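Structural features, examined
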Amino acid sequence: MNRPMSLRLDGMRGRVLGAFAVALVLHAIGTALIPGYSAPFAIRAMLVIAALLAVASVGQTLVVILGGIDLSIPFVIGFANVVAAQLYGQGWPFVLVCLVVLGLAALIGAANGALSRGLNIHPLIVTLGLGMIVQGLVLIWTKGFPSGSAPKAVSAFVSIGGSFGPLPVPALIPALLVLTVLIVLVLERTPYGRQLYALGSNPGAAPYALIRPLRIWTVTFAASAVFAALAGVLLLGFTGSAYGDVGQPYLFQTIAAVVVGGAALVGGRGNFVGTLAGVLVLTEINTLLIGLGFQPASVQAAFGAIILLLVSLYGRERHFRTTV
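Residues numbered from 1 in each chain as written. Predicted model: local features only at pLDDT ≥ 70, side-chain atom pairs only at ≥ 80, totals over all residues. Heavy atoms only, no water.

Let's shift gears to the overall build of the protein. In terms of regular secondary structure, the protein is built from 12 helices and 0 strands. Overall, the protein shows an N-to-C arrangement of helices and strands of α-α-α-α-α-α-α-α-α-α-α-α. Radius of gyration (C-alpha) of the protein: 19 Å, near the 20 Å computed for a compact globule of 324 residues. Projected onto its principal axes, the C-alpha coordinates of the protein cover approximately 50 × 50 × 40 Å. Per-residue burial over the protein gives 48% buried out of 324 residues. Considering only residue pairs separated by 6 or more positions, the protein has 78% of its internal contacts joining residues 24 or more positions apart. (Helix = DSSP H or I, 4+ residues; strand = E, 2+ residues; numbered from the N terminus. Rg over C-alpha atoms; globule rule 2.2 N^0.38 Å. Buried < 20%, exposed > 50% of the residue type's maximum accessible area, 1.4 Å probe, protein only. Contact = heavy atoms within 4.5 Å.)

Structurally, the position occupied by Ser72 is in the loop between α2 (40-66) and α3 (73-89). Of the polar contacts made by the side chain of Ser72, one reaches the side chain of Asp70; its length is 2.5 Å. Not counting residues within four places of it along the chain, the set of residues in contact with Ser72 comprises Asn112, Thr127 and Gly131. (Polar contact = N/O pair within 3.5 Å; in protein donor to acceptor, adjacent residues only side chain to side chain.)

As a further point, take unusual backbone geometry. Negative phi values dominate among residues other than glycine, just as trans dominates among peptide bonds. One non-glycine residue, Asn120, adopts positive backbone phi at about 55 degrees. Here Asn120 shows up in the loop between α4 (94-118) and α5 (123-142). Its relative accessible area of 71% is what places Asn120 among the exposed residues.

A word on the packing of helix α7 (residues 172-189) against helix α8 (residues 191-201). One way to put it is that α7 packs onto α8 with a least axis distance of 5 Å and a crossing angle of 70 degrees. Classified by the angle between their axes, α7 and α8 sit roughly perpendicular to one another. Where α7 approaches α8, its residues Val186, Leu187, Glu188 and Arg189 are matched on the opposing element by Pro191, Tyr192, Gly193, Arg194, Leu196 and Tyr197. Looking at the contact of α7 with α8 residue by residue, the class counts come to 6 nonpolar, 1 polar and 3 charged. (Axes fitted to C-alpha atoms, helices over the stretch in contact; angles between N-to-C directions. Parallel < 35°, antiparallel > 145°, perpendicular 65-115°, else oblique. Nonpolar A, V, L, I, M, F, W, Y, C, P; charged D, E, K, R; others polar.)

The nonpolar side chains of a soluble globular protein tend to be buried, and buried together. With 82 residues, the main nonpolar core has Val76, Ile77, Phe79, Val101 and Leu176 as its most contacted residues. The greatest single-element share of this core, amounting to 15 residues, is contributed by α2. (Core = buried A, V, L, I, M, F, W, Y, C linked by side-chain atoms within 4.5 Å.)

On to the environment of Gly162. One can find Gly162 in the loop between α6 (152-158) and α7. Other than its neighbours up to four places away in sequence, Gly162 contacts Pro168, Val169 and Pro170.

Bringing the packing of α4 against helix α9 (residues 213-239) into the picture now. For the pair α4 and α9, interaxial distance at closest approach is 6 Å and the crossing angle is 145 degrees. Considering only the axes of α4 and α9, their crossing is right-handed. Residue composition of the contact of α4 with α9, grouped by class: 18 nonpolar, 6 polar and 1 charged. (Left-handed = near helix turned anticlockwise from the far one by under 90°.)

Along the polypeptide, Gly278 turns up in helix α11 (residues 272-291). In this structure the C-alpha to C-alpha distance between Gly278 and Gly262, which are 16 residues apart in sequence, comes to 8.2 Å.

Taken as a whole and judged by the stated rule, the model has 2 aromatic pairs. Aromatic side chains Tyr88 and Phe94 sit 5.5 Å apart centroid to centroid with 90 degrees between the ring planes, which places their arrangement in the edge-to-face category. When its relative accessible area of 30% is taken as the criterion, Tyr88 is described as partly exposed. Owing to a relative accessible area of 15%, Phe94 belongs among the buried residues under this scheme. Geometrically, the ring pair formed by Trp217 and Phe221 is stacked, given 5.5 Å between the ring centres and 20 degrees between the ring planes. Taken together, the residues span about one helical turn, with Trp217 and Phe221 both in helix α9 at a distance of 4 residues. Note on Trp217: relative accessible area 9%, which makes it buried. Among the residues examined, Phe221 registers a relative accessible area of 0% and is labelled buried. (Phe/Tyr/Trp six-rings, centres within 6.5 Å; stacked < 30°, edge-to-face > 60°.)

The next point concerns the side chain of Glu284. Within the secondary structure layout, Glu284 lies in helix α11. Those residues in contact with Glu284 that lie beyond four places of it in its chain are Ala23, Leu26, His27, Tyr37 and Met46.

Take a nonpolar patch on the surface next. A cluster of nonpolar residues, Val25, Ile29, Leu33, Leu292 and Phe294, forms a patch on the protein surface that exposes about 450 Å² of accessible area. Checked against the element boundaries, Leu292 lands in the loop between α11 and α12 (296-314). (Patch = residues over 30% accessible without salt bridge, like charges linked within 9 Å, V, L, I, M, F, W, Y side chains within 5 Å. Areas by Shrake-Rupley, 256 points an atom, 1.4 Å probe, with all protein chains shown as cover. Salt bridge = Lys/Arg side-chain N within 4 Å of Asp/Glu carboxyl O.)

Attention shifts here to α11. For an α-helix, 3.6 residues make a turn, and residues three or four places apart therefore share a direction. The end-to-end C-alpha separation of α11 is 28 Å, in line with the 28 Å expected for 20 residues at 1.5 Å each. Where α11 begins, one side-chain oxygen reaches toward the backbone nitrogen of Val273, 3.2 Å away; that side chain belongs to Asn271. (Expected span 1.5 Å × (residues − 1).)

On average, the protein scores 87 in pLDDT, and the residues at 70 or more come to 91%. The low-confidence segment residues 1-8 (pLDDT under 50) makes 11 contacts with residues lying over four places distant or belonging to another chain. Confidence drops under a pLDDT of 50 for residues 319-324, and excluding neighbours within four residues, the segment shows 16 contacts in the predicted structure. (pLDDT = per-residue confidence, 0-100.)

Structure, rendered in structure tokens:
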């Protein structure tokens, strides 16, 4: 491994550790300023909220490593939330509902990737456009009044007051830990992971390494949509009812989590452990600001400011291919 690569890996680890440190500092500040901030129920609530954001951020992590961005995530979350509730409310078996919702989401994501790469259109435009089309179709189907709910098993899976065996947390938390290990293994130990980093690092040279860019873009954006749809189904169990705009806060938060975790918007760098660190930072900021009496609009403005700051710091970095 050459020196530039080593330096960049060290920098990535430093940013991930720094993000975890920031989350701990924010939690300490909240504990000092807000009564009950570190109470067991409050911690479980923050973990569940963070886990839901982490699931939604899986796809954004993959897409950003690739060198793209996925603005359809909040629309796919809302689509999955509403469609799952509607179909289950009509008597469909929930396993079949999930297969249909995740399958449709994969098609939406695959279209995002194929159109972006195949037509050489920036994914920001494609994903936003297709996302709005999906949202419009859902509104037409439900006439603006979605109905239905999730099975009790799904609600228990994400319930703040739930437990998993002897663990005082719902099953969502250990499931996320397992998912994290799987994603790390996929990114670090599989041909897909190596090709993803290679394509994000140097898209011009990737075809000479027998990497098929169109296939990687299509698969990666399909995966992003599937994880967004999974988050939408989990949010249905968390809230108890369908809501088409349930995914809107995740537009900013998934991008911010990935960037706070050390990923480069120019592609080629990032990992899901870093994204988890970013998720914890954002969850702590959100909880702290609300606990201090800030209104939701002020919290949203804070997220926007964080994104602008981090994009100005990380987004201006030289592309990886210019450093090797």
